[in-house]
Amino acid sequence: MEEVPVDMCDNCGEIYVPDKIAEQIMFIVESAESEGIILDVQNFPAEISAVC
């Protein structure tokens, strides 16, 4: 999904998906599944390393 609304924690600055939005995402996913929709899921390329 693109353009999912997120919030930021006032204490630590962590970005998170609010519960109401997460519930809507799950509804969309479950609806797609019940309709037999199959999505292609790919792994992130291993040759790209995280920088911390």
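All values derive from a computational prediction rather than experimental measurement. (Residues numbered from 1 in each chain as written. Predicted model: local features only at pLDDT ≥ 70, side-chain atom pairs only at ≥ 80, totals over all residues. Heavy atoms only, no water.)

Trainee: Summarise the overall build of the protein chain; cite the residues concerned and give the values.
Mentor: A tally of regular secondary structure across the protein chain gives one helix and two strands. Reading the helices (α) and strands (β) of the protein chain from amino to carboxyl end gives β-β-α. Looking at the protein chain as a whole, 6% of its 52 residues qualify as buried. In the form shown here, the protein chain has an accessible surface area of approximately 5,300 Å², with 55% of it arising from carbon and sulfur atoms. (Helix = DSSP H or I, 4+ residues; strand = E, 2+ residues; numbered from the N terminus. Buried < 20%, exposed > 50% of the residue type's maximum accessible area, 1.4 Å probe, protein only. Areas by Shrake-Rupley, 256 points an atom, 1.4 Å probe, with all protein chains shown as cover.)

Trainee: I'd like a description of the environment of V17, backed by residues and values.
Mentor: For V17, the position within the fold is in the loop between β2 (15-16) and α1 (19-34). Sequence-wise, V17 and D7 are 10 residues apart; in three dimensions their C-alpha atoms are separated by 6.3 Å. Setting aside its immediate chain neighbours within four residues, V17 contacts V4, P5, V6, A22 and I25. (Contact = heavy atoms within 4.5 Å.)

Trainee: Could you give an account of the environment of D7, naming the residues involved and the relevant values?
Mentor: Along the polypeptide, D7 turns up in strand β1 (residues 7-8). By relative accessible area, which is 34% here, D7 ends up partly exposed. D7 sits 11 residues away from P18 along the chain, and the two C-alpha atoms are 6.6 Å apart. Beyond its immediate sequence surroundings of up to four residues, D7 is in contact with E14, I15, Y16 and P18.

Trainee: Describe α1, and please don't skip the residues or the numbers.
Mentor: Look at α1: 22 Å from first C-alpha to last across 16 residues, which is about the 22 Å you get at 1.5 Å a residue. At the exit of α1 stands G36, carrying a positive phi of roughly 80°. (Expected span 1.5 Å × (residues − 1).)

Trainee: Tell me about a nonpolar patch on the surface, and name the residues and values.
Mentor: Where nonpolar side chains cluster on the molecular surface, the patch consists of M1, F27, I28 and V29 and spans about 430 Å² of accessible area. Inspection of the secondary structure puts V29 in helix α1. For V29, a relative accessible area of 42% corresponds to the partly exposed category. (Patch = residues over 30% accessible without salt bridge, like charges linked within 9 Å, V, L, I, M, F, W, Y side chains within 5 Å. Salt bridge = Lys/Arg side-chain N within 4 Å of Asp/Glu carboxyl O.)

Trainee: Break down the state of the cysteines for me, with residues and values.
Mentor: Throughout the structure, instances matching the rule amount to zero disulfides. Not engaged in a disulfide, the cysteine C9 finds its nearest cysteine sulfur in C12; these two sulfurs lie 3.6 Å apart. Under the relative-accessibility criterion, C12 is labelled exposed at 55%. (Disulfide = S-S within 2.5 Å.)

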